[in-house]
Amino acid sequence: MPEIKPRKTLFNPELRRRGIYLLPNLFTTAALFCGFFAIVQAMMGDFERAAVAIFVAMVLDGLDGRVARMTRTQSAFGAEYDSLSDMVSFGVAPALVTYAWALRDMGRLGWIAAFIYCVGAALRLARFNTTLEVTDRRYFQGLPSPAAAALVTGFFWVMIDKHVAAADVRWFACGLVIFAGISMVSNIRFYSFKDVNLRRSVPFIFVVAIALGFAVLSYDTPIALFGLFVAYGLSGYILALLHWCRRKPPSPPASAV
């Protein structure tokens, strides 16, 4: 009678001996650390450092997949690990940091808003993993969780940088958190930039625009980042509105009397 191997990978010695790729998972671990670090800093009351940590996690999250593709070290383990890291860095961390900063004084509504964002990030990541092979690579279905985290985090970073009290903007923060959570699970399409070919020649004006972007980012980093992700967060809704207007049938001409 043939030997039946266990179905679970954890107890399969043959699969356990294969190991995991170190380089891309180092970036994923660093991104996970930044998300955890942001939560710890929020518990200590240092919200500005928490905001910086979440944005650093975004950079590291963008690098791990590219490093894996460049070194041909993609794996199912890496994909699952990246999703778990994203849930902490872009789901739990922004929700808890924003709650500790402005929403906790709103009572039940505050933690409900934070939970809406958190569950929106979880559903967004689950849907992305299950529809990866059937969706159009040029667009994301729903607001990506790193962009949602940047939208929420960028707002309270700007408020802290401009010395605006959290109590004065807590209602706006609550609405923004709910908006980001709902946008992640919506069917609105957001441009993914995955079809951009960096090896292709571009007009000179693009280089000038990039230089101006770095200048603005250096002059006022919180406002520049928040403004960038506000524009991206609204871009999907603007494209959906334009698409709806184009599909709307023209009204029939008025009959002559």
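Refer to the structure above for everything that follows.
Residues numbered from 1 in each chain as written. Predicted model: local features only at pLDDT ≥ 70, side-chain atom pairs only at ≥ 80, totals over all residues. Heavy atoms only, no water.

Engineer: Whenever I open this one, helix H2 (residues 22-43) confuses me. Can you help?
Structural biologist: Owing to its 3.6 residues per turn, the α-helix brings residues three or four apart onto one side. With 22 residues, H2 should reach 32 Å at 1.5 Å per residue; the first-to-last C-alpha distance of 31 Å fits that figure. Buried within H2 are the following residues: Pro 24, Asn 25, Thr 28, Ala 31, Cys 34, Gly 35, Ala 38, Ile 39, Gln 41 and Ala 42. Its buried side turned inward, H2 meets helix H3 (47-70) and helix H4 (76-103). Looking one or two places after H2, you find Gly 45, whose phi comes out positive at around 90 degrees. (Helix = DSSP H or I, 4+ residues; strand = E, 2+ residues; numbered from the N terminus. Expected span 1.5 Å × (residues − 1). Buried < 20%, exposed > 50% of the residue type's maximum accessible area, 1.4 Å probe, protein only. Contact = heavy atoms within 4.5 Å.)

Engineer: Help me out: how do you make sense of the pattern of salt bridges in this one?
Structural biologist: Side-chain pairing between opposite charges can occur once the charged atoms of the two side chains come close. One pass over the structure, following the stated rule, counts three salt bridges. Its salt-bridge partner being Arg 49, residue Asp 46 comes within 3.5 Å of it at the nearest N-O pair. Owing to a relative accessible area of 47%, Arg 49 belongs among the partly exposed residues under this scheme. Where Asp 220 meets Lys 162, a salt bridge forms, and the shortest distance between an N and an O atom there is 2.9 Å. Of this pair, Asp 220 sits in the loop between helix H8 (204-219) and helix H9 (221-247) while Lys 162 sits in the loop between helix H6 (145-161) and helix H7 (170-185), and the two are 58 residues apart along the sequence. For Asp 220, a relative accessible area of 15% corresponds to the buried category. For Lys 162, a relative accessible area of 38% gives the class partly exposed. (Salt bridge = Lys/Arg side-chain N within 4 Å of Asp/Glu carboxyl O.)

Engineer: Looking at this structure, I do not really get the packing of aromatic side chains. What am I missing?
Structural biologist: Two aromatic rings, taken as a pair, are described by how far apart their centres are and by the angle between their planes. In this structure the tally under the stated criterion is 13 aromatic pairs. Taken together, a centroid distance of 5.8 Å and an interplanar angle of 35 degrees make the contact between Phe 77 and Tyr 81 tilted. Note that Phe 77 and Tyr 81 are positioned in helix H4 at a spacing of four residues, about one turn of the helix. By relative accessible area, Phe 77 is classed as partly exposed at 42%. (Phe/Tyr/Trp six-rings, centres within 6.5 Å; stacked < 30°, edge-to-face > 60°.)

Engineer: Whenever I open this one, the nonpolar core confuses me. Can you help?
Structural biologist: In summary, soluble globular proteins display a tendency toward joint burial of nonpolar side chains. With 56 residues, the main nonpolar core has Phe 47, Phe 55, Trp 101, Leu 103, Tyr 117, Leu 143 and Phe 155 as its most contacted residues. Put simply, the parts of the chain that give this core at least two residues each are H2, H3, H4, helix H5 (108-130), H6, H7 and H9. Of the residues forming this core, the biggest block, 11 residues, is contributed by H6. Among residues more than four places away in sequence, those in contact with Leu 103 are Thr 98, Gly 110, Ala 113, Ala 114, Arg 170, Ala 173, Cys 174 and Val 177. (Core = buried A, V, L, I, M, F, W, Y, C linked by side-chain atoms within 4.5 Å.)

Engineer: Would you take a moment to explain the environment of Val 185 for this structure?
Structural biologist: Along the chain, the position of Val 185 falls in helix H7. Owing to a relative accessible area of 34%, Val 185 belongs among the partly exposed residues under this scheme. Spatially, the C-alpha atom of Val 185 lies 8.5 Å from that of Arg 127, the residues being 58 residues apart in sequence. Residue contacts for Val 185: discarding those within four places in its chain leaves Gly 120, Leu 123, Arg 124 and Arg 127.

Engineer: Explanation requested: the packing of H2 against H3 in the structure shown.
Structural biologist: Think of two packed helices as two axes; the pair is described by the angle between the axes and how far apart they sit. Two numbers describe how H2 lies on H3: the axes approach to 8 Å, and their chain directions differ by 165 degrees. With respect to their mutual orientation, H2 and H3 come out roughly antiparallel. At the point where H2 passes H3, the crossing takes the left-handed sense. Classifying every residue of the contact of H2 with H3 by side-chain character gives 19 nonpolar, two polar and three charged. (Axes fitted to C-alpha atoms, helices over the stretch in contact; angles between N-to-C directions. Parallel < 35°, antiparallel > 145°, perpendicular 65-115°, else oblique. Left-handed = near helix turned anticlockwise from the far one by under 90°. Nonpolar A, V, L, I, M, F, W, Y, C, P; charged D, E, K, R; others polar.)

Engineer: What is the right way to read the packing of H4 against H5 from this model?
Structural biologist: The contact between H4 and H5 brings their axes to 9 Å, and the two run at 165 degrees. As far as their axial angle goes, H5 and H4 are roughly antiparallel. For the pair H4 and H5, the crossing hand works out as right-handed. Across the interface between the two elements, Ser 83, Asp 86, Met 87, Phe 90, Gly 91, Val 92, Pro 94, Ala 95, Tyr 99 and Leu 103 of H4 pack against Gly 110, Trp 111, Ala 113, Ala 114, Tyr 117, Cys 118, Ala 121, Ala 122, Leu 125 and Asn 129 of H5. By residue class, the composition of the contact of H4 with H5 is 15 nonpolar, four polar and one charged.

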